[in-house]
Amino acid sequence: MEIKKIKGVVKDYAWGNSDFIPSLIGGKAEGPQAELWLGTHHSGDAEVEGGGHLSELIKNDPSILGEKDWKKYEGRLPLLMKVLAIAKPLSLQCHPNKTQAENGWNKEAEKRAKGEEVSYQDDNEKCEMILALSPITALCGFRDIEVMKADLAAVVPAAFGRTLRALSSDIENLFMSLFELPAEEKKAILAELKASLDSSSNPSWDGLFLTREGISRECLEEYPDDIGCIFPYLMNVVHLQIGEAMPITPGTLHAYVFGNGIEVMNDSDNVLRGGLTKKRMDLPELRSIMKFTPLDVEKCTASTDGFGRTRFSSPSSAFMLLSVSSGTYEIKNDPVAIILVTEGCIRFSSKGESLMLEKGEAAVIPAGLEYTMTVRGSGYISEVPDAE
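Calculation criteria
- Residues numbered from 1 in each chain as written.
- Predicted model: local features only at pLDDT ≥ 70, side-chain atom pairs only at ≥ 80, totals over all residues.
- Heavy atoms only, no water.
- Helix = DSSP H or I, 4+ residues; strand = E, 2+ residues; numbered from the N terminus.
- Rg over C-alpha atoms; globule rule 2.2 N^0.38 Å.
- Buried < 20%, exposed > 50% of the residue type's maximum accessible area, 1.4 Å probe, protein only.
- Contact = heavy atoms within 4.5 Å.
- Areas by Shrake-Rupley, 256 points an atom, 1.4 Å probe, with all protein chains shown as cover.
- Lys, Arg positive; Asp, Glu negative; His and termini not counted.
- Charge placed at Lys NZ, Arg CZ, Asp CG, Glu CD.
- Axes fitted to C-alpha atoms, helices over the stretch in contact; angles between N-to-C directions.
- Parallel < 35°, antiparallel > 145°, perpendicular 65-115°, else oblique.
- Nonpolar A, V, L, I, M, F, W, Y, C, P; charged D, E, K, R; others polar.
- 1 Å grid on protein atoms, 1.4 Å probe; cavity = no way out; pocket = protein on both sides within 12 Å on 5 of 7 lines; lining within 4 Å.
- Points joined across faces, edges and corners; volume = space filled by probe spheres on them.
- Polar contact = N/O pair within 3.5 Å; in protein donor to acceptor, adjacent residues only side chain to side chain.
- Phe/Tyr/Trp six-rings, centres within 6.5 Å; stacked < 30°, edge-to-face > 60°.
- Salt bridge = Lys/Arg side-chain N within 4 Å of Asp/Glu carboxyl O.

> Mind showing me how you'd approach the overall build of the chain here?
Each helix and strand counted, the chain has eleven helices and 21 strands in total. Its C-alpha atoms give the chain a radius of gyration of 22 Å, near enough to 21 Å, the size a compact globule of 388 residues would have. Over its C-alpha atoms, taken along the principal directions, the chain stretches across nearly 75 × 50 × 40 Å. The buried share of the chain, taken over its 388 residues, is 54%. Residue pairs in contact within the chain that sit at least 24 positions apart in sequence constitute 75% of those at least 6 positions apart. Carbon and sulfur atoms make up 47% of the accessible area of the chain, which totals about 16,600 Å². Charge separation in the chain, taken as the distance between the mean sites of 41 positive and 58 negative side-chain charges, equals 1 Å.

Below you can see the structure in the form of structure tokens.
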């Protein structure tokens, strides 16, 4: 069978929950399991059933990518698919575009050679999208500066009058200046924020989702000394219902806060952090790649492709995300893809051979293959768009 089962790499970051990924792929977790990586990135190269890694399989068999995509992406699978299981707020973060990533990667060559910490893990841009498998709350992009100022004046009035009003000439100045405040002033702002939230009657949860107040309370619990705890009042709060998806383009400050989802992105692990973290921050580099303009967040649109699958609009020409539910699909001349079964099972039939994937199993589907896919349940497909 040309379709090959693959086993993803689990990441045990502290912000993960301990039940969602084990409930999907089986087994028990002794601690948090935050991400399941399905791709070829050197930080988490999937294993192929029978031995070896997915990157090796593709390197040794260019037909998996197909001739056009092999040339276009220089023998590299351009996408990375993940499952995210979010129990606590992630770091506020931003990702570079291709030019920024290449420049940053080259600039840090000497640091990498010396084994020093770097900001860039590869030379690729990182654009992404996330689809909710359970309700997701996220922070994404900046609000209008006047809206920010009104909320800050309400939640930390003393600090606003004393410090923040003078810093609020524009988004960039406010954001960067918060990190440069004296330690005592940061401490005072966070103390006033906590007191305001403690006395507020506004709930932390609004039905299935965390409220703005709830996000800030979660941030203060995890990072009580981090000025990033005030950032939920600077950013858009986004709620994704099950089956809804949201794009994240390079340069957009964001943080996933709670929920479980499927994420698809460029084959990159470039993350520049901007608060809510104990990890390294490179603020000058972050400033150089970030967009300091208000963002009107739009969710991905869904349509039906020529094979009857649901296709979600993608923010990138390097990847797209599709879903399938119970039914039979006749597929031919499709680009290379990775598929993950989230419920039930999926049977593939091609050239007299068949392969069954159960819940939690994944596979790589070579480009140009003609096959029948019989779904009893549901699955998600990350796919390289048709090569031009």
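Moving on, there is more to tell.
> Just checking my understanding: could you explain the packing of helix α7 (residues 157–167) against helix α9 (residues 183–199) for this structure?
A pair of packed helices can be characterised by two numbers: the angle between their axes and the separation between those axes. Following both chains from N to C, one finds α7 and α9 inclined at 155°, their axes separated by 9 Å at the closest point. For the element pair α7 / α9, the angle class is roughly antiparallel. Between α7, through P157, A158, A159, R162, T163 and L164, and α9, the contact on the second element is made entirely by E185, A188, I189 and E192. When the residues that make up the contact of α7 with α9 are grouped by side-chain class, the tally is six nonpolar, one polar and three charged.

> Which parts of the structure should I look at to understand the layout of surface pockets?
In this approach the atoms are scanned with a rolling probe the size of a water molecule, which exposes any empty space left behind. The space that makes up the largest pocket amounts to roughly 800 Å³. Around the largest pocket sit 38 residues that line it, and W15, S91, V271, R273 and K279 are the ones nearest its centre. Residue classes in the lining of the largest pocket are distributed as 15 nonpolar, nine polar and 14 charged. Its volume calculated, the second largest pocket comes out at about 300 Å³. What lines the second largest pocket is a set of 15 residues, among which Y73, R76, P78, K98 and N124 lie closest to the centre.

> Got a minute to help me understand the side chain of T372 in this structure?
With respect to the helices and strands, the residue T372 is situated in strand β21 (residues 371–383). Polar side-chain contacts of T372 include one of 2.7 Å to the side chain of E330. Beyond its immediate sequence surroundings of up to four residues, T372 is in contact with T328, Y329, E330, R347, F348 and S349.

> Before we go on, may I ask you to explain the packing of aromatic side chains in this structure?
For any pair of aromatic rings, the description consists of the separation of the ring centres together with the inter-plane angle of the planes. Using the criterion set out here, one finds nine aromatic pairs in the structure. Ring centres 5.2 Å apart and planes at 85° place the aromatic pair W205 and F258 in the edge-to-face group. Here W205 is found in strand β9 (residues 205–206), whereas its partner F258 is found in strand β13 (residues 254–266), with 53 residues between them in sequence. Centroid distance F348 to Y371: 5.8 Å. Interplanar angle 55°. Geometry classified as tilted.

> Can you help me understand unusual backbone geometry in this one?
Excluding glycine, most residues fall at negative phi; most peptide bonds, likewise, are trans. Positive phi outside glycine occurs at E74, with the angle close to 55°. As for its placement among the helices and strands, E74 is situated in the loop between α3 (67–72) and β5 (79–86). Exposure remark for E74: the relative accessible area of 74% places this residue in the exposed category. Here the phi dihedral of N333 falls at roughly 55°; this positive angle occurs in a residue that is not glycine. Its location among the elements puts N333 in the loop between β17 (320–331) and β18 (337–350). By relative accessible area, N333 is classed as exposed at 60%.

> Could you clarify how one ought to interpret the pattern of salt bridges in this entry?
Think of it this way: side chains of opposite charge can pair up when their charged atoms draw near. Using the criterion set out here, one finds 21 salt bridges in the structure. Note that K5 and E361 form a salt bridge whose closest N and O atoms lie 3.3 Å from each other. Taken together, the positions of K5 in strand β1 (residues 4–7) and E361 in the loop between β19 (353–358) and β20 (362–365) put the pair 356 residues apart, joining distant regions of the chain. Of the charged contacts in the structure, one is a salt bridge between K82 and E35, with a shortest N-O distance of 3.4 Å. On the criterion of sequence distance, the pair formed by K82 in strand β5 and E35 in strand β3 (residues 35–38) is long-range, its members being 47 residues apart. Summarising the burial analysis for this pair, K82 and E35 share the class buried. Here the salt bridges do not stand alone but share partners, grouping D305, R309, D334 and E383 into one network.

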